[in-house]
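Coordinate analysis (summary)
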Amino acid sequence: MTTPHLDPDRVPESLDLSVRPGAGPEEYPRLVEIWRSAVDATHAFLAEDDRARIEERLASAYLPHVRVLVAERAGRAVGFAGVSDGALEMLFVDAADRGTGVGRALLAHVVDRCGVTTVDVNEQNAQALGFYERAGFTVTGRSPVDDEGRPYPLLHLTLSR
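Here goes a summary of the coordinates provided. (Residues numbered from 1 in each chain as written. Predicted model: local features only at pLDDT ≥ 70, side-chain atom pairs only at ≥ 80, totals over all residues. Heavy atoms only, no water.)

1. Observations concerning the sheet that holds strand E6 (residues 137–143)
- Strand order in this open sheet of 7 strands is E1-E2-E3-E4-E5-E7-E6, and the pairing throughout is mixed. Lying at the two open borders of the sheet, with one neighbouring strand each, are strand E1 (17–21) and E6. Between one strand axis and the next, the sheet turns through 30 degrees on average, direction left out of account.
- With 5 bridges connecting them, E1 and strand E2 (residues 67–73) associate as antiparallel partners. (Pairing = 2+ DSSP bridges. Helix = DSSP H or I, 4+ residues; strand = E, 2+ residues; numbered from the N terminus. Axes fitted to C-alpha atoms, helices over the stretch in contact; angles between N-to-C directions.)

2. Describing a negative patch on the surface
- Where like charges cluster on the molecular surface, the negative patch consists of Asp85, Glu89, Asp120 and Asp147.
- Here Asp120 is to be found in strand E5 (residues 118–122). (Patch = residues over 30% accessible without salt bridge, like charges linked within 9 Å, V, L, I, M, F, W, Y side chains within 5 Å. Areas by Shrake-Rupley, 256 points an atom, 1.4 Å probe, with all protein chains shown as cover. Salt bridge = Lys/Arg side-chain N within 4 Å of Asp/Glu carboxyl O. Lys, Arg positive; Asp, Glu negative; His and termini not counted. Charge placed at Lys NZ, Arg CZ, Asp CG, Glu CD.)

3. Describing the packing of aromatic side chains
- Taken as a whole, this structure holds 5 aromatic pairs when the rule is applied.
- Aromatic pair Phe80 and Phe92: ring centres 5.8 Å apart, planes at 40 degrees, arrangement tilted. In this pair, Phe80 sits in strand E3 (residues 76–84) while Phe92 sits in strand E4 (residues 87–93), placing the two residues 12 residues apart along the sequence. Both residues of the pair, Phe80 and Phe92, count as buried. (Phe/Tyr/Trp six-rings, centres within 6.5 Å; stacked < 30°, edge-to-face > 60°. Buried < 20%, exposed > 50% of the residue type's maximum accessible area, 1.4 Å probe, protein only.)

4. Observations concerning helix H2 (residues 48–62)
- The axis of H2 is deflected most strongly, by about 35 degrees, at Glu56.
- Looking only at H2, the buried set comprises Asp50, Arg51, Ile54, Glu55, Leu58 and Tyr62.
- Buried-residue contacts for H2 involve helix H1 (28–42) and E4. (Bend = angle between axes of the 7 residues up to and from the residue. Contact = heavy atoms within 4.5 Å.)

So this is what it looks like as structure tokens:
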């Protein structure tokens, strides 16, 4: 389903950006770098020990279990998304590329081509919540902890049709 907010064909060509399938484990070190950069810029609420544990498991426990899509500019990965069963499990953009349309291009791609209709967002991440709401997602529920029981409430969002 393509919504007017997320039409992948409306991403400006000036972005010189493409979205492609992930290349697998050999690309994971770069994706972890992107994750670290994005989390440093947007997840001030995350305790340092939790951040370290998540980073440690990203390449071994998280990335292998999702369909990875990578946004690249001039041959360099600048963002990525992970999708599973119609859910956007992760979307991270390198801090140096925030605000340049990378997140929007990734989201448009996964909605249009991967059938994404849901996403969970940390309640403390107001920037991400606003991003998804502007793209047509609405809050449909809340969990008091994250998927691993850590004290980071999640908001459950669904794409409005």
